[in-house]
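What the coordinates show
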Amino acid sequence: MYKLTRRMVLKSLAGLAVSVPLVQACAPAGAPAAPIESKPEATKAPASAATAVPIATAAAPAEAAKVTLTYATYADPRMDWERVYGKQWAEKHPEVDLVIDEVLYAEMPKKQLAMLATNTLWDVSYSGVKWIQYPIYKGAFMPIDDLVAASNYDLSDFLQCTITNSSFEGKLYGLPYIVEAGNLGLVFFNVDMLEDKGFSVPTDDWSLEDFVEIAVKCTDPSTKTYGTDLIPEGFYDCALLARSWGGELMGDEGKQYLLNVDPKTRESIKWVVDLRAKHHCAPLREETEGLQFAGGNMAMHSSNTSFVKPVFSSVGDKFRHDVAMFPKGPTGLRGYDSWTETFSI
């Protein structure tokens, strides 16, 4: 009799994270994407850090022992596809009881380590590039190089930086499913506000000087209207800014923090501080209550590629809006940060 093991199922599940999105990405131009139906309640934040979603599957043959697999997904409406395709996979594998959890992004790093310590870690879970190395070091995840080689899985469809970000000490520990240029990689515009002040929508060739000029002229404190809400939220945002000036946040070997050491990096941070301290075109922390781009209070909003559709949807027809890449720095460079998220076994 064929004996089903957890390892066999995990081998099959290894390609779940990227197989369907890759097929869609490589489809001919104009080909329809697989439909994803989101229930209204999916747009609300989960009530708890992890919400188990049992998957009903067709009955397996009586003689086959079912294997339970646990799958931790990113708890965010934008990531509904992770659950949709997980359910589709489960329907094709009635020999498996697939339990899907939804875990808040901010809680995942600590939760992974806590579950690792109690030997209850999910069979498949997601990680962000900023923390994945530590659970790998602690033995949380399984290297998949042998699985990739045995299945002749083609990694050339992935950007090399995403494979690097999913690796540790020369071994691959998962398959990436997201890559973006950083949280400040895009700037959204309130076109009506810009045109009212005599500006046209910038192209991707615009400069930091253009950014400041627009932000200053579109600011009116008397009406709580500001030119920009740009503020770095972490070291990778600062890295993006530093690279726009030709600097870096970390030394070549990642052993030295250069925020207040490298002159170019210091200049990039000064530019951000000046938006508030010198130009007064961005709100201070105590002034941000009630301010949001969708509400028409901001001429420009800084965000990343994963927010294009959500931002456009939230604005709707309230005002005309557009988007461009983050402006080029003093040397003609445009900063970036190769952010990646990865599914690991």
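Before reading on, note that the structure itself is shown above.
Here the structure is a predicted model, which means the values were calculated and not measured.

A few words now on the pattern of salt bridges. Applying the stated criterion to the full structure yields eleven salt bridges. The salt bridge partner of arginine 83 is glutamate 102, with a shortest N-O separation of 3.8 Å. Taken as a pair, arginine 83 in helix 3 (residues 80-92) and glutamate 102 in strand 3 (residues 96-103) lie far apart in primary sequence, 19 residues in all. Of the two residues, arginine 83 and glutamate 102, both sit in the buried class. In this structure, glutamate 195 and arginine 320 form a salt bridge, with 2.7 Å as the shortest nitrogen-oxygen distance. Pair noted here: glutamate 195 is in helix 8 (residues 191-196) and arginine 320 is in the loop between helix 12 (308-315) and strand 11 (321-325), with a separation of 125 residues, a long-range link. By sharing partners, the salt bridges in this structure join Asp80, Arg83 and Glu102 into a single network.

Taken together, Leu113, Tyr134 and Tyr137 make up a surface patch of nonpolar side chains, about 330 Å² in accessible area. By the secondary structure assignment, tyrosine 137 is in helix 5 (residues 133-137).

Time to look at the side chain of threonine 342. Mapped onto the fold, threonine 342 is located in strand 12 (residues 339-344). The buried category is assigned to threonine 342, whose relative accessible area is 1%. Engagement of the side chain of threonine 342 in a polar contact is seen with the side chain of serine 166, the distance being 2.7 Å. Leave out the neighbours within four places in its chain, and threonine 342 touches Ser125, Tyr126, Ser127, Ile132, Ser166, Gly174, Leu175, Pro176 and Tyr177.

Positive phi is not limited to glycine here, since glutamate 169 has a value of about 50 degrees. Relative to the helices and strands, glutamate 169 resides in the loop between strand 5 (167-168) and strand 6 (171-172). Here histidine 280, not a glycine, exhibits a phi torsion of approximately 55 degrees, which is positive. One can find histidine 280 in the loop between helix 11 (263-277) and strand 10 (298-303).

Rules used throughout
Per chain, the residues get numbers from 1 upward, laid out in the order the sequence is written. Residue-level local features of this predicted model are given only where pLDDT is at least 70; pairs of side-chain atoms are given and counted only at 80 or more, and the full residue set underlies all totals for whole chains, interfaces and linings. Computation of side-chain values: all heavy atoms of the structure, hydrogens and water removed. One speaks of a salt bridge when a side-chain nitrogen belonging to Lys or Arg is within 4 Å of a carboxyl oxygen belonging to Asp or Glu. Strands are runs of DSSP state E lasting at least 2 residues, helices are runs of H or I lasting at least 4, and numbering of each runs from the N terminus. The rule is simple: take the accessible area with a 1.4 Å probe, protein chains only, and divide by the maximum for that residue type; under 20% is buried, over 50% is exposed, in between is partly exposed. Excluding any residue in a salt bridge, patches collect residues exceeding 30% relative accessible area, merging like charges within 9 Å and nonpolar Val, Leu, Ile, Met, Phe, Trp and Tyr side chains within 5 Å. Only the protein chains shown count as cover for residues, and the accessible areas themselves come from Shrake-Rupley with a 1.4 Å probe. Any pair of N or O atoms that falls within 3.5 Å is considered a polar contact. Within protein, one atom must be able to donate a hydrogen and the other to accept it, and sequence-neighbouring residues count only if both atoms are side-chain atoms. For this analysis, residues touch if any pair of their heavy atoms sits within 4.5 Å.

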